[in-house]
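Breakdown of the fold
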Amino acid sequence: MSEDPMESPRLRASLELLSLVVTDDDDLKAWFLKLGELPSNLRLNAIMQITTQMRHSDEDPALIDAIAALCNIELYDAVKEVVLEED
């Protein structure tokens, strides 16, 4: 039996941070919403590409972890729900 990924306090905090960042930045919000429209292989490629760029730019590791967690469609949907509620 696998552990619920949302049980990690660090991941929950990261996803909350991601939700805030996405809702406050129109370009990031558009990118985020487009992710959900992509086939899973292209979505994973897009996420891997942006997290690699962020690591090279020494960006916040918590935010990088949160974006990487979007590979899990259930987590993506949870963040999307929060983002869409803010509209």
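In this report, the structure presented in the accompanying data block is examined.

Reading guide: rules and limits
- Residues numbered from 1 in each chain as written.
- Predicted model: local features only at pLDDT ≥ 70, side-chain atom pairs only at ≥ 80, totals over all residues.
- Heavy atoms only, no water.
- Salt bridge = Lys/Arg side-chain N within 4 Å of Asp/Glu carboxyl O.
- Buried < 20%, exposed > 50% of the residue type's maximum accessible area, 1.4 Å probe, protein only.
- Helix = DSSP H or I, 4+ residues; strand = E, 2+ residues; numbered from the N terminus.
- Arc of directions from axis to C-beta.
- Contact = heavy atoms within 4.5 Å.
- Polar contact = N/O pair within 3.5 Å; in protein donor to acceptor, adjacent residues only side chain to side chain.
- Axes fitted to C-alpha atoms, helices over the stretch in contact; angles between N-to-C directions.
- Parallel < 35°, antiparallel > 145°, perpendicular 65-115°, else oblique.
- Nonpolar A, V, L, I, M, F, W, Y, C, P; charged D, E, K, R; others polar.

The next point concerns the pattern of salt bridges. Per the counting criterion, the structure on display carries one salt bridge. The partner of Glu37 in a salt bridge is Lys34, with the nearest N and O atoms 3.6 Å apart.

The next thing to look at is helix H2 (residues 26–35). Here H2 has its buried residues at Leu28, Lys29, Phe32 and Leu35. Projection of H2 onto a plane perpendicular to its axis shows the buried side chains occupying an angular sector of 115°, all on one side. Pointing more than 90 degrees away from the buried face of H2 are the exposed residues Asp26, Asp27 and Lys34. Where H2 is buried, its residues contact helix H1 (9–24), helix H3 (40–56) and helix H5 (73–85). Structurally, the start of H2 carries an N-cap: the backbone nitrogen of Asp27 is 2.9 Å from a side-chain oxygen of Asp25.

This brings us to the packing of H3 against helix H4 (residues 61–69). Between H3 and H4, the shortest axis-to-axis distance is 9 Å and the interhelical angle comes to 170°. Compared by their axis directions, H3 and H4 come out roughly antiparallel. Touching Ile47, Ile50, Thr51, Met54 and Arg55 of H3 are Leu63, Ile64, Ile67 and Ala68, all from H4. In terms of residue class, the contact of H3 with H4 is built from seven nonpolar, one polar and one charged.

By themselves, these are just geometric observations and shouldn't be taken as functional.
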